[in-house]
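Here's the letter readout for the chains.
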Amino acid sequence: MTELEAINRCQRGDITGLDVLYEMHRTKVFNLSWRMLGSPHDAEDSLQEVFLKVFDRIKNYRGDSAFSTWLYRMTTNHCLDILRRRKILAFLGFENAPEIQDKKAGAKVMDLGLSPVITKALEKIPAKQKACLLMREMDELSYEDIASALQLSLGSVKSNIHRAKALLKEELEKEGVSPEDV
Amino acid sequence: MRHAWKEQDINKALHKMGQASPAPEVFERAWFKIEEKVASRGNHFWTSIVWRPWGHPVRWVAAMACLAVAFTGFLYNRSIVDQQEMGSYVISVSNPTENITKDLGMVKVSKLLSEPSYAVANLFEDVHVDPAPEDQILL
């Protein structure tokens with residue numbers, strides 16, 4: 001089944017269409033959520049939520065942009081919402097549960113090839129800049145796709161990536177990590 | 001010791017991180033939950049209807065208009081009820097003959113005249129005879 005057929009099926013409310021789309025895009029959605037939220041547990045929840053949203057809202061998808069771009073936009077918006085909520089909870093003085101889970105899952109993260117030093121440094125970068133950087137360097141999306149997914153101008157995407165790299169460099173140098181360690 | 005990071009080093013490290021992939025059971029678990037949630041929703045009529053007036057400015061206006069109509073209707077109804085009450089009160093005050101029964105055999109008597117008042121009862125209670133003192137011997 002092609003992507004277009006799967007989308008059409010999904011639009012008719014057929015879950016087999018969603019199954020095909022899930023098989024095609026699950027890794028990218030999971031990886032983006034993981035790096036944005038910083039925890040595999042949150043990424044798993046985000047994967048579920050995003051595909052449920054896809055099933056609900058796919059009727060609004062008219063094919064103006066690539067499905068992957070539309071999906072990226074949905075994933076990024078979902079992650080930004082979660083980060084915003086976390087910020088509010090932290091401001092109100094609630095315990096930040098995802099961080100605790102993250103510490104528990106630290107060993108697992110290392111096993112999966114994620115450098116804890118870079119993960120920690122990435123947490124200090126503003127959410128939108130981080131999203132731009134991750135989409136560009138990890139998922140190898142073009143500037144145009146990132147701009148479309150995040151609804152930003154091309155110039156804004158480039159400057160966000162530049163700023164994110166500068167911040168990441170500063171954080172890594174502050175930590176005293178050498179490039180060979182990562 | 002402070003190590004210098006070049007742009008290529010950062011790109012390489014991020015790209016390496018991008019290769020990482022979770023175990024397949026993570027995806028299976030997530031899909032199982034998605035299927036479960038979709039199945040539990042069902043196809044009920046009431047759950048399929050979603051009214052979100054805040055979705056578009058026109059809907060905001062429509063929602064506000066509905067609220068304004070409902071509020072005006074409430075105020076109008078209340079003023080009509082007030083006017084009716086006031087009208088009946090004015091009639092009863094200004095035209096007491098309306099209250100007299102048309103039946104010739106019966107005369108409507110006010111409650112005030114037909115029942116003994118408490119004031120009258122108290123009047124009689126005040127008149128009492130002092131009992132004879134205990135030490136007084138009556139022959």
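A quick note: this is a predicted structure, and the numbers were derived from the prediction, not measured.

On to the overall build of chain A, then. Helices and strands together make up the secondary structure of chain A, namely 10 helices and 0 strands. Put simply, chain A runs from its N terminus to its C terminus through helices and strands in the order α-α-α-α-α-α-α-α-α-α. Counting only contacts in chain A whose residues sit at least 6 apart along the sequence, the fraction spanning at least 24 positions is 65%.

We now examine the overall build of chain B. Broken down by element type, chain B carries 6 helices and 0 strands. By residue count, 5% of the 139 residues in chain B fall in the buried class.

A few words on unusual backbone geometry. At Q151 of chain A, a residue that is not glycine, the phi angle is positive and equals roughly 55°. Position of Q151 of chain A among the secondary structure elements: in the loop between α9 (143–150) and α10 (154–175).

Our focus in this paragraph is the interface of chain A and chain B. The partner chain B presents 27 residues to the 31 residues of chain A that form the contact. Of all the elements in the fold, those that place two or more residues in the side of chain A that touches chain B are α2 (15–37), α3 (40–57) and α10 of chain A. By residue number, the principal contributor to the side of chain A that touches chain B is α3 of chain A, which donates 7 residues. Taken together, the residues that form the side of chain A that touches chain B break down as 17 nonpolar, 7 polar and 7 charged.

A separate point is the confidence of the model for chain B. All names here are of chain B. The pLDDT averaged across chain B works out to 74; a share of 54% of its residues lies at or above 70. The element-level mean pLDDT for chain B is lowest in helix α6 (residues 118–126), coming to 58, with helix α4 (residues 57–94) highest at 90. Confidence estimates for the predicted assembly give a pTM of 0.58 and an ipTM of 0.71.

Let's shift gears to the nonpolar core. Residues and elements named next belong to chain A. In terms of nonpolar packing, the biggest core is built from 49 residues, with F51, V54, C132 and M135 touching the most fellow members. In terms of residue count, the dominant contributor to this core is α2 (9 residues). Beyond its immediate sequence surroundings of up to four residues, V54 is in contact with L18, L21, L71 and M74.

So, about the packing of helix α8 (residues 127–137) of chain A against α10 of chain A. Residues and elements named next belong to chain A. Where α8 meets α10, the axes come as close as 8 Å, and the angle between the chain directions of the two elements is 95°. Compared by their axis directions, α8 and α10 come out roughly perpendicular. Note on element contacts: α10 touches α8 through V157, N160, I161, R163, A164 and K165, opposite K128, Q129, K130, C132, L133 and R136. Partitioning the contact of α8 with α10 into residue classes produces 5 nonpolar, 2 polar and 5 charged.

A few words on the confidence of the model for chain A. All names here are of chain A. In this model, chain A carries a mean pLDDT of 80, and residues with pLDDT of at least 70 account for 86%. For chain A, the element scoring lowest by mean pLDDT is helix α6 (residues 106–111), at 44; α3 scores highest, at 89. Scored below 50 in pLDDT, residues 99–111 shows 14 contacts in the model against residues more than four places distant or in partner chains.

The buried fraction of α8 of chain A is high, at 9 of 11 residues. What α8 of chain A keeps buried is the set Q129, K130, A131, C132, L133, L134, M135, R136 and E137 of chain A.

Another aspect to go through is the environment of G155 of chain A. Looking at the secondary structure, you find G155 of chain A in helix α10. Along the primary structure G155 of chain A and Y143 of chain A are separated by 12 residues, whereas in three dimensions their C-alpha atoms are 9.1 Å apart.

Our next topic: the packing of α2 of chain A against helix α4 (residues 67–91) of chain A. Residue and element names in this part refer to chain A. Running from N to C, α2 and α4 cross one another at 30°; their axes reach a closest spacing of 10 Å. Here α2 is positioned roughly parallel relative to α4, judged by the angle of their axes. For α2 against α4, the interelement crossing comes out right-handed. Residues H25, V29, L32, S33, M36 and L37 of α2 lie in contact with α4, whose contacting residues are S68, L71, Y72, T75, C79 and I82. Its residues assigned to classes, the contact of α2 with α4 shows 8 nonpolar, 4 polar and no charged.

Now for the environment of L80 of chain A. Residue and element names in this part refer to chain A. Along the chain, L80 turns up in helix α4. Judged by the 16 C-beta atoms lying within 10 Å of it, L80 is partly exposed. Sequence spacing of L80 and L37 is 43 residues, and the spatial spacing of their C-alpha atoms is 8.7 Å.

Now for the environment of I58 of chain A. Residue and element names in this part refer to chain A. If you trace the backbone, I58 turns up in the loop between α3 and α4. Among the residues examined, I58 registers 22 C-beta atoms within 10 Å and is labelled buried. With 46 residues separating them along the chain, I58 and R12 place their C-alpha atoms 9.4 Å apart. Residues in contact with I58, not counting those within four places in the same chain, are I7, C10 and Q11.

Rules used in this analysis
Residues numbered from 1 in each chain as written. Chains lettered and ligands numbered in written order. Predicted model: local features only at pLDDT ≥ 70, side-chain atom pairs only at ≥ 80, totals over all residues. Helix = DSSP H or I, 4+ residues; strand = E, 2+ residues; numbered from the N terminus. Contact = placed C-beta atoms within 7 Å. Buried ≥ 20, exposed ≤ 12 C-beta atoms within 10 Å, placed from the backbone. Nonpolar A, V, L, I, M, F, W, Y, C, P; charged D, E, K, R; others polar. pLDDT = per-residue confidence, 0-100. Core = buried A, V, L, I, M, F, W, Y, C linked by C-beta atoms within 7 Å. Axes fitted to C-alpha atoms, helices over the stretch in contact; angles between N-to-C directions. Parallel < 35°, antiparallel > 145°, perpendicular 65-115°, else oblique. Left-handed = near helix turned anticlockwise from the far one by under 90°.

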